[in-house]
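Residues per chain are reported as follows:
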Amino acid sequence: MCKNAKLFHSTKLIIYLLASTFCFATAEAKTLSSYEVNSRINKIDNYLSKSEVNGFSGAVLVSYKGNIILNRGYGLADKKNEIPATTDMVYDIGSLTKQFTAAGILHLVKEGKISTEDTLSKFFDNLPYNKKEITIHQLLTHTSGITDYPYDNRKDFYKHIETNTYFDKVFSLDEQFTSGKKFEYSNTGYSILSRIIELVTNENYEVFLARVFFTPLGMTQTGYLLPNWDASLYPKSYRLGTIPGETYIPHYQKRNKVPWQVKGAAGIYSTVTDMHKWLNAIAQERVLTPELITQLKTPYVQMSHKSNNYYGYGWVVRNSSSETELYHNGSNLYFTADIHWQPIDNQLQVIMLSNINSKSTFEVPTQIVGLWEKPETSPKEFKLPAWRKVLSWIS
């Protein structure tokens, strides 16, 4: 692994490339007939079944107008013991965690406790002069210039660091750029946001999310430590489809805490069904006011001058002449998570949680959206890298 690899957003370039490759539905949302829906789902399931033969595994949920039309596990959760992957299993959702943090911040805005224009100096003492005026909005949109906490390897990313030590280090680092001047994806920015939530509410970040979102929405399988999971729900994970890894839930449980490098930015575990509940709750305006949900979906900053992708609050926003789509992915180099969502009339949700990390895994949701939009086309074949076995021997 490369030094200082940015685990939970190392795939952002893939996001840019994938999102620019397919078309979107018309803004005037079309209602499909039962035959059209079934035809599309049959083709999607056939594609996923072929991908399963080629090494794909995980859970996939597809929803149309808020109703689940495909919810299946594919492949193996444990290759050695030949345990099938199921939709009940909990997967590391990586940077999809950020959408919970962003919604949590807006919940506090709704309560009048903070503003997105509040600066870090309102919440943290003894800040360097170049950090005092960084705003919550800039943290949410990755325009703060905050440098990610440095680490040398994946193990260090999960190392527990005392709260004051962690944030003193973060705020002592040189800025990447003057705040507000450009976009640069930052896990640490979202860790700072989770700390702001704790300071404002005097609650643990996960306890806060459970109180305002997870428990009211029946998302009983989502969190770091609070869900009452059985270990049988933990799939093994496989980098490049071969190199084995484990869930980090037992590591959280052993310390009874979540490291700051992860909290708020990544590492929450969930199921495809719980994530579907979450999207439906946003669509039905049950988690925030319509005005605040609009803020989540607003394309604030262009992510790359070569793409039409923008960052909102915890979501990537694709603007075209016909429709807006929200999406995001995440990974810890072993698990892979991805959501593509057409929010106009809740037309389409594609939720994939996989225990395989590879380039092809990130392409699966894009292929599903492509089959939905143009069912007459042939999807790109799922393939794991041919040289993966060599890496498994030397890992």
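This text gives an overview of the structure that appears in the document. The shown structure was predicted, so the numbers you read here are calculated from the model rather than taken from an experiment.

1. Overview of the overall build of the protein
Then step 1. Counting its regular elements, the protein contains 13 helices and 15 strands.
Then step 2. Across the 395 residues in the protein, those meeting the buried criterion constitute 57%.
Then step 3. The long-range share in the protein, meaning contacts at least 24 apart out of those at least 6 apart in sequence, stands at 69%.
Then step 4. Carbon together with sulfur atoms contributes 49% to the accessible area of the protein, which is approximately 16400 Å² in total.

2. A closer look at the side chain of Thr135
Then step 1. With respect to the helices and strands, Thr135 occurs in the loop between α3 (97-110) and α4 (136-140).
Then step 2. Note on Thr135: relative accessible area 9%, which makes it buried.
Then step 3. Filtering out sequence-adjacent residues up to four positions away, Thr135 remains in contact with Thr116, Glu117, Asp118 and Thr119.

3. Examining the sheet that holds strand β7 (residues 243-245)
Then step 1. Here we have three strands laid out as an open sheet, ordered β7-β6-β15, and mixed in their pairing. Each of the sheet's edge strands pairs with one partner strand only, and the pair in question is β7 and β15 (356-357).
Then step 2. With three bridges connecting them, strand β6 (residues 237-239) and β7 associate as antiparallel partners. Bridging from a neighbouring strand, Ser237 pairs with Gly245 of β7.

4. A short note on helix α2 (residues 34-53)
Residues spaced three or four apart along an α-helix point in a common direction, a consequence of the helix completing one turn every 3.6 residues.
Then step 1. Spanning 20 residues, α2 covers 29 Å between terminal C-alpha atoms, matching the ideal 28 Å at 1.5 Å per step.
Then step 2. Taken residue by residue, α2 has Val37, Arg40, Ile41, Ile44, Tyr47, Leu48 and Ser51 as its buried positions. Taken end-on, α2 shows its buried residues confined to a sector of 120°, consistent with a single buried face. Of the exposed residues in α2, the ones pointing more than 90 degrees away from its buried face are Ser34, Tyr35, Asn42, Lys50 and Val53.
Then step 3. Buried residues belonging to α2 abut β1 (58-64), β2 (67-74) and α12 (359-373).
Then step 4. Count one or two residues on from α2 and you reach Gly55, which has phi positive near 120°.

5. Focus: empty space enclosed by the protein
Vacant regions in the atomic arrangement are exposed by a probe of water-molecule size rolled over the atoms.
Then step 1. Per the counting criterion, the structure on display carries one cavity of 30 Å³ or more.
Then step 2. In this structure, the largest cavity encloses a volume near 40 Å³.
Then step 3. Together, Asp148, Tyr149, Tyr151, Phe157, Tyr166, Asn187, Thr188 and Gln261 line the largest cavity.
Then step 4. Taken together, the residues of the lining of the largest cavity sort by class into four nonpolar, three polar and one charged.

6. Some remarks on unusual backbone geometry
Then step 1. The backbone phi angle of Leu240 is positive, close to 60°, even though this residue is not glycine.
Then step 2. Within the secondary structure layout, Leu240 lies in the loop between β6 and β7.
Then step 3. By relative accessible area, Leu240 is classed as buried at 14%.

7. Focus: the sheet that holds strand β12 (residues 324-331)
Then step 1. If you trace the eight strands from one edge of the open sheet to the other, you get β2-β1-β14-β13-β12-β11-β10-β9, paired in antiparallel fashion. Each of the sheet's edge strands pairs with one partner strand only, and the pair in question is β2 and β9 (301-302).
Then step 2. Bridge count for β1 against strand β14 (residues 348-354) is seven bridges, and the pairing is antiparallel. Across the sheet, the residue bridging to Gly58 is Ser354, located in β14.

Cut-offs and rules
- Residues numbered from 1 in each chain as written.
- Predicted model: local features only at pLDDT ≥ 70, side-chain atom pairs only at ≥ 80, totals over all residues.
- Heavy atoms only, no water.
- Helix = DSSP H or I, 4+ residues; strand = E, 2+ residues; numbered from the N terminus.
- Buried < 20%, exposed > 50% of the residue type's maximum accessible area, 1.4 Å probe, protein only.
- Contact = heavy atoms within 4.5 Å.
- Areas by Shrake-Rupley, 256 points an atom, 1.4 Å probe, with all protein chains shown as cover.
- Pairing = 2+ DSSP bridges.
- Expected span 1.5 Å × (residues − 1).
- Arc of directions from axis to C-beta.
- 1 Å grid on protein atoms, 1.4 Å probe; cavity = no way out; pocket = protein on both sides within 12 Å on 5 of 7 lines; lining within 4 Å.
- Points joined across faces, edges and corners; volume = space filled by probe spheres on them.
- Nonpolar A, V, L, I, M, F, W, Y, C, P; charged D, E, K, R; others polar.

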